[in-house]
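Read off the chains here:
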Amino acid sequence: MPYFEDMNIGDRRELGSFTFTPAGIKAFAAKFDPQPFHLDEEAGRNSVFGGLAASGWHVAATYMRLTVASFQREAAELAARGEKPIVSGPSPGFRELKWLKPVLAGDTLTYVSEITSKRPLESRPQFGFVGFYNTGVNQRGELAFSFMGSVFAARRPIS
């Protein structure tokens, strides 16, 4: 993640795409969300979803996996140039989590994160507070997943 000072409202980070397979949907569901429409094709077809549906938590966890991978690639690029990776703070939470369209077996979501707000923190001068609108859009261009997130972003050290 870049330094707080290098972030601008409207900046977008494309995190990557992920295709939800029947095997992956079932494996996630078996461990974390064992509802019939996540575990069985026939139950999925007979549900309101009309097919084997990924758990919303699977959709959200995939967003997180791609986010972390994006930051790891950026840190590796910095390290390859001999620069120190930037370590930001944690996220204090999220709001407005929405699963807007079912994600069915075979669907591919492309995840994007856009900066919506930022402000310095007086209580923690080493961080700024940054808000994000995070989305997952399917291969048909439909918004399937969204939430508002936030993070404590590292401030550039004073030299």
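This text follows the structure it describes.
Heads up: these notes are all about the structure in this document. (Residues numbered from 1 in each chain as written. Predicted model: local features only at pLDDT ≥ 70, side-chain atom pairs only at ≥ 80, totals over all residues. Heavy atoms only, no water.)

1. Side note on the packing of aromatic side chains
Pairs of aromatic rings are described using the distance from one ring centre to the other and the angle between the two planes.
Next, step 1: This model, assessed by the stated rule, comprises twelve aromatic pairs.
Next, step 2: Summarising the aromatic geometry, the rings of Phe-94 and Phe-147 are spaced 5.9 Å apart at their centres and angled 75 degrees between planes, so their arrangement reads as edge-to-face. Within this pair, whereas Phe-94 is found in strand β2 (residues 93–99), its partner Phe-147 is found in strand β5 (residues 143–154), the two being separated by 53 residues in sequence.
Next, step 3: A relative accessible area of 51% means that Phe-94 is categorised as exposed.
Next, step 4: For Phe-147, a relative accessible area of 10% corresponds to the buried category.
Next, step 5: Considering the side-chain rings of Phe-129 and Phe-152, the 5.9 Å spacing of their centres and the 65 degrees angle between planes classify their relative orientation as edge-to-face. Of this pair, Phe-129 sits in strand β4 (residues 127–137) while Phe-152 sits in strand β5, placing them 23 residues apart in sequence.
Next, step 6: Given the relative accessible area of 12%, Phe-152 is considered buried. (Phe/Tyr/Trp six-rings, centres within 6.5 Å; stacked < 30°, edge-to-face > 60°. Helix = DSSP H or I, 4+ residues; strand = E, 2+ residues; numbered from the N terminus. Buried < 20%, exposed > 50% of the residue type's maximum accessible area, 1.4 Å probe, protein only.)

2. Description of the sheet that holds β4
Next, step 1: The strand order β1-β3-β4-β5-β2 describes an open sheet built from five strands, whose pairing is antiparallel. The open sheet is flanked by β1 (12–19) and β2, the only strands paired with a single partner. If you compare each strand with its neighbour and ignore which way they point, the axes differ by 20 degrees on average.
Next, step 2: The pairing of strand β3 (residues 108–120) with β4 spans ten bridges and is antiparallel. Bridge assignment links Arg-119 to a residue of β4, and that residue is Phe-129. (Pairing = 2+ DSSP bridges. Axes fitted to C-alpha atoms, helices over the stretch in contact; angles between N-to-C directions.)

Don't take any of this as a statement about function, it's just geometry.
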